[in-house]
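Inside the fold
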Amino acid sequence: NWFHQVMSRGTYSNVAFSKKLGYQLGYELNHELSYGSRIEGTKKDMGDYNLFTSAEWKPFKNFLIRPAFRLIYHTRYDAPIVPSINFKYDFSESWILRGSYAKGYRAPSLKELYLQFVDAAHNIKGNQNLEAETSNNLQLVLSYTYKKESRIFRFEPTFFYNHIEKGRFKPKY
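Residues numbered from 1 in each chain as written. Predicted model: local features only at pLDDT ≥ 70, side-chain atom pairs only at ≥ 80, totals over all residues. Heavy atoms only, no water.

The next subject is the environment of Asp45. Inspection of the secondary structure assignment puts Asp45 in strand β3 (residues 43–60). It is 24 Å that separates the C-alpha atoms of Asp45 and Gly26, two residues lying 19 residues apart in sequence. A polar contact of 3.4 Å, which involves the side chain of Asp45, links it to the side chain of His31. (Helix = DSSP H or I, 4+ residues; strand = E, 2+ residues; numbered from the N terminus. Polar contact = N/O pair within 3.5 Å; in protein donor to acceptor, adjacent residues only side chain to side chain.)

Core analysis: the biggest nonpolar cluster contains 13 residues, and Tyr77, Tyr105, Ala107, Leu113, Tyr114 and Ala132 have the highest contact counts within it. The greatest single-element share of this core, amounting to three residues, is contributed by helix α1 (residues 110–114). Ignoring sequence-local partners within four residues, the contact set of Leu113 consists of Met46, Arg76, Tyr77, Pro108, Gly126, Asn127, Gln128 and Leu130. (Core = buried A, V, L, I, M, F, W, Y, C linked by side-chain atoms within 4.5 Å. Buried < 20%, exposed > 50% of the residue type's maximum accessible area, 1.4 Å probe, protein only. Contact = heavy atoms within 4.5 Å.)

We now examine a nonpolar patch on the surface. Together, Tyr27, Leu29, Leu51, Phe69, Leu71 and Ile81 make up an exposed nonpolar region whose accessible area comes to about 530 Å². Put simply, the parts of the chain that give the nonpolar patch at least two residues each are β2 (21–35) and β4 (63–74). With respect to the helices, strands and loops of the structure, Leu29 is situated in strand β2. Note on Leu29: relative accessible area 36%, which makes it partly exposed. (Patch = residues over 30% accessible without salt bridge, like charges linked within 9 Å, V, L, I, M, F, W, Y side chains within 5 Å. Areas by Shrake-Rupley, 256 points an atom, 1.4 Å probe, with all protein chains shown as cover. Salt bridge = Lys/Arg side-chain N within 4 Å of Asp/Glu carboxyl O.)

This paragraph deals with the confidence of the model for the protein chain. Reading predicted coordinates in detail is not appropriate for stretches of low pLDDT. Overall, the predicted model of the protein chain reaches an average pLDDT of 91, with 96% of residues at or above 70. By mean pLDDT, the top-scoring element of the protein chain is strand β5 (residues 82–90) (97), and the lowest-scoring one is strand β7 (residues 116–118) (78). (pLDDT = per-residue confidence, 0-100.)

This next bit is on the environment of Arg106. Inspection of the secondary structure puts Arg106 in strand β6 (residues 95–106). Among the polar contacts listed, one links the side chain of Arg106 to the side chain of Glu112, at a separation of 2.8 Å.

What follows concerns the packing of aromatic side chains. Per the stated rule, a full pass over the model turns up eight aromatic pairs. Between the aromatic rings of Tyr12 and Tyr23, the centroid separation amounts to 6.2 Å while the plane-to-plane angle is 45°, which identifies the pairing as tilted. Placement of Tyr12 in strand β1 (residues 2–14) and of Tyr23 in strand β2 is noted, with a sequence separation of 11 residues between them. What makes Tyr12 partly exposed here is its relative accessible area of 47%. Centre to centre, the rings of Tyr89 and Phe91 are 4.7 Å apart; their planes meet at 80°, and the pair counts as edge-to-face. In this structure Tyr89 comes out as partly exposed when scored by relative accessible area, which is 26%. Chaining the aromatic ring pairs together yields one cluster made of Phe60, Phe63, Phe87, Tyr89 and Phe91. Lys111 extends its terminal NZ or CZ atom over the ring of Phe3, reaching a point 4.6 Å from the ring centre. (Phe/Tyr/Trp six-rings, centres within 6.5 Å; stacked < 30°, edge-to-face > 60°. Lys NZ or Arg CZ within 6 Å of the ring centre and 35° of its normal.)

Here we come to the side chain of Ser100. If you trace the backbone, Ser100 turns up in strand β6. When residues no more than four places from it in sequence are discounted, the contact partners of Ser100 are Ile85, Asn86, Asn137, Leu138 and Gln139.

Here we come to the pattern of salt bridges. Side chains that differ in charge, positive against negative, can pair when their charged atoms come close. Per the counting criterion, the structure on display carries five salt bridges. In this structure, Arg66 engages Glu56 in a salt bridge whose closest nitrogen and oxygen atoms are separated by 2.2 Å. Of this pair, Arg66 sits in strand β4 while Glu56 sits in strand β3, placing them 10 residues apart in sequence. We classify Arg66 as partly exposed; its relative accessible area is 33%. Linking Arg106 and Glu112 is a salt bridge whose minimum nitrogen-to-oxygen distance equals 2.8 Å.

Bringing the environment of Asn86 into the picture now. Residue placement: Asn86 occurs in strand β5. Considered as a pair, Asn86 and Asn14 are 72 residues apart in the sequence and their alpha carbons are 18 Å apart. Beyond its immediate sequence surroundings of up to four residues, Asn86 is in contact with Leu64, Ile65, Arg66, Gly99 and Ser100.

Pasting the structure below:
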């Protein structure tokens, strides 16, 4: 049995576009190929192809906003546009507030869908009915840093919320 994955990612960043604005553009390609007696149908392949971009905007000295989004084409599943936004506010050198919202997307792998591995010690069967998942993530972090001589003490309470849904993006075939 053979499992192959080819992945390529490229980015272009221009952080010095101006003192207040920077950006990043990129692509990501993933292609999986599996074949052998333990793969249902003996051969399967699947790919997802992404374009992404983000910007970094500093409207004033202590405040940074970073919006981003990703466009996804998946060969087996429909996929959403995946946005995110991050911010950072420096109250001082010691007090920093960070927050973010991000949408997530995950499709099952070929092994999760098609691998059949049954012997005396294993009973692994892929499930072709698996659906892609989407998620919403919120995060808020307030950090306090205290420096004393060569030591650094950091207090960083974090709030986060994840909501994961399945079934909104069913297989194309």
